[in-house]
Amino acid sequence: MYTFSSKLKTFSIILMAVGILGIAYGFLNAPKDIHEVENILAAESHGGHGEAHHEEAKAEGAHAKAEHVSAAEVKEAAEHEEHLTHVLHQLQNKPWAALYVACIFFMLIAMGTLAFYAIQQVAQAGWSPVLFRVMQGITAYLPVGSVIFFVILVLCGLHFNHIFVWLGEHVTDPKHADYDEIIAGKSGYLNFGFWIARAAVFLIGWNLYRHYSRKNCLEQDEANDNASYKKNFKLSAGFLVFFIVSESIMSWDWIMSIDPHWFSTLFGWYVFASFFVSGITMIAMVTVYLKSRGYLEFVSTSHIHDLAKFMFGISIFWTYLWFSQFMLIWYADIPEEVTYFVTRINLYNLPFFGAVVMNFVFPILILINTDFKRITWVIVMAGIVILAGHYIDFFNMIMPGTVGDQWFIGIPEISSVLFFLGLFIFTVFTALTKTPLLAKRNPYIEESKHFHY
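In every chain, residue numbers begin from 1 and rise along the written sequence. Note on the predicted model: pLDDT of at least 70 is required for a residue's local features to be given, and 80 or more for side-chain atom pairs to be given and counted; whole-chain, interface and lining totals, by contrast, use all residues. Side-chain metrics in this entry use all non-hydrogen atoms of the structure; hydrogen atoms and water are not considered.

## Some thoughts on the nonpolar core
Part 1: With 128 residues, the main nonpolar core has Tyr-100, Ile-104, Trp-206, Trp-254, Phe-394 and Phe-429 as its most contacted residues.
Part 2: Only DSSP runs of H or I covering at least 4 residues are called helices, and only runs of E covering at least 2 are called strands; the numbering of each starts at the N terminus. No other element matches the 21 residues that helix α4 (residues 71–123) contributes to this core.
Part 3: Apart from the residues lying within four places of it in its own chain, the contact partners of Ile-104 are Phe-149, Trp-254, Ile-255, Phe-394 and Ile-398.
Part 4: Side-chain atoms within 4.5 Å are what join buried Ala, Val, Leu, Ile, Met, Phe, Trp, Tyr and Cys residues into a set we call a nonpolar core. Exposed residues in this analysis have more than 50% of their type's maximum accessible area, buried residues have under 20%, and partly exposed residues fall in between, with area computed by a 1.4 Å probe over protein chains only. Leu-41, Leu-84, Leu-88 and Leu-91 belong to the second largest nonpolar core, which has 6 residues in total. In what follows, a contact means two residues having at least one pair of non-hydrogen atoms within 4.5 Å.

If you want it as structure tokens, here you go:
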């Protein structure tokens, strides 16, 4: 049985505590009204003279009121106020968006691991059963992450933030100034009631599979036949059908709808590749850690080698999807489509292309070598870069539509990652202490123990 070390437990608690403090700081520092926004923008434009400039502007405004104000000036003032309101929403979104990116990223790491586990069950793989308890430990985060994520979605619907533009109160009202014809045309699908109901169905469905597949696996340990294993096989096959449909819709609902005027038919696959490789990488990282602590004696360098092959292969698959989506849209140059990438190249140049280096160039240079796939420190280094790179990938997908050009990886972003990382470590390693680390009655366990590549 695995014992959760006091040092790792303390480390995870410290991460959560520091993360909570940083998240609170981000929310408390968000501007409350357009006057604060005006001060911020003035300070950015004029350095230390921002406050003086603001006072001067107020004086000029008072003087203008005393004189005749033309229609053009009134229009300009209204446009300026509208701009300030837009920037206010972006700056208020910043801590929410940071929380959202970290929350969905860590939840989908657990989801990617669960999908990989289900695939191993359906494929009746002979190499992987010695890793099943590691996978089940990682997926233990899914119920915790799902609850937090669902609460955030509900708060979005209650207008605590402006992450989803289509949730605005008047965007579907043709009589209102905020009316958006494109969003109104999608309102049959993009409305809060249907959206949150879909989220509930997906999250409950994923967690039910996680619960019953683990239950069957544990029952198999004490059984005299393979009935529980066969039950898991059928359950996993059904789950994968549900997963591939729900995953695509989830990616539209929770990520693509942040930019409601844009869509891509490749988007579901693209998001899947990102969190799938992250889940596999996390399996490798946890396995390497447990091996370093003297556990998982039946896991050999051949098992690590196979995990590294999946890390390499799915990284190439992600790159193929990234390039296919980018190249087709960029080459077609249709304004309503290409604006998605123009925004990211102009405003998010470093993270946009940096993600390609971290998620493609680095893995292909390091993991293409067969020998490197068996070296522990190489796996750890590659894993850290891949996980960080896919966090940046989710950052690129979510931030432009929520904070626009007001982005910065600062205290809210780092603190959100620290909090969910701490929660992830605490949940996963606590779960690993609950059951033996070997699925001893799996029909393929002996083959897995003696797997050699």
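## Some points on the pattern of salt bridges
Part 1: A side-chain nitrogen of Lys or Arg and a carboxyl oxygen of Asp or Glu constitute a salt bridge if their distance falls within 4 Å. Under the counting rule described, the total for this entry stands at 7 salt bridges.
Part 2: Asp-306 is the partner of Lys-309 in a salt bridge, and the nearest nitrogen-oxygen pair spans 3.3 Å. Of this pair, Lys-309 and Asp-306 both sit in helix α11 (residues 301–332), 3 residues apart, roughly one helical turn.
Part 3: What makes Lys-309 partly exposed here is its relative accessible area of 31%.
Part 4: The buried category is assigned to Asp-306, whose relative accessible area is 9%.

## Looking at a nonpolar patch on the surface
Part 1: Candidates for patches are residues over 30% relative accessible area with no salt bridge; among them, like charges are joined within 9 Å and nonpolar side chains (Val, Leu, Ile, Met, Phe, Trp, Tyr) within 5 Å. Residue-level accessible areas treat just the shown protein chains as cover; the underlying method is Shrake-Rupley with a 1.4 Å probe. On the surface, Phe-323, Met-327, Leu-328 and Tyr-331 cluster together into a nonpolar patch covering about 490 Å² of accessible area.
Part 2: Summarising the element assignment, Tyr-331 is placed in helix α11.

## Side note on α4
Part 1: Across the chain, bend at a residue is computed as the angle between axes fitted to the seven residues ending at that point and the seven starting from it. Maximum bend of α4: about 40°, positioned at Lys-94, with proline Pro-95 one to four residues after it.
Part 2: Gln-124, located one to two residues past α4, shows a positive phi value of around 50°.

## Regarding the packing of α4 against helix α14 (residues 376–403)
Part 1: Taken N-terminus to C-terminus, the directions of α4 and α14 make an angle of 145°; their axes are 9 Å apart at the nearest point. For the element pair α4 and α14, the recorded crossing hand is right-handed. Listed contacts from α14 to Gln-90, Asn-93, Lys-94, Ala-97, Ala-98, Tyr-100, Val-101, Ala-102, Ile-104, Phe-105, Leu-108 and Ile-109 of α4 are Leu-387, His-390, Tyr-391, Phe-394, Phe-395, Ile-398, Met-399, Thr-402 and Val-403.
Part 2: Taken together, the residues of the contact of α4 with α14 sort by class into 16 nonpolar, 4 polar and 1 charged. Note on definitions: angles span 0 to 180 degrees between N-to-C directions of axes, and those axes are lines fitted to C-alpha atoms, for helices only across the stretch in contact. When the near helix sits turned anticlockwise from the far one by under a right angle, the crossing is termed left-handed; a clockwise turn instead gives a right-handed crossing. Side-chain classes follow a simple rule in which Ala, Val, Leu, Ile, Met, Phe, Trp, Tyr, Cys and Pro form the nonpolar group, Asp, Glu, Lys and Arg form the charged group, and the remainder, Gly included, forms the polar group.

## Quick word on unusual backbone geometry
Part 1: Unusually for a residue other than glycine, His-159 sits at a positive phi of about 65°.
Part 2: Looking at His-159, the relative accessible area reads 39%, which means it is partly exposed.
Part 3: With a phi angle near 55°, Leu-296 is a residue other than glycine that sits in the positive phi range.
Part 4: Among the residues examined, Leu-296 registers a relative accessible area of 5% and is labelled buried.

## A look at helix α12 (residues 335–347)
Part 1: In this scheme, a helix's expected span is set at 1.5 Å multiplied by one less than its residue total. Between its first and last C-alpha atoms α12 spans 17 Å; for 13 residues at 1.5 Å apiece the expected length is 18 Å, and the two agree.
Part 2: Phe-341 marks where α12 bends most, by close to 25°.
Part 3: Of the residues making up α12, those classed as buried are Val-338, Tyr-340, Phe-341, Arg-344 and Ile-345.
Part 4: Looking at the buried positions of α12, the neighbouring elements they touch are α10 (267–292), α11, α13 (349–367) and α14.

Honestly, that's just the spatial picture; any functional story needs more than this.
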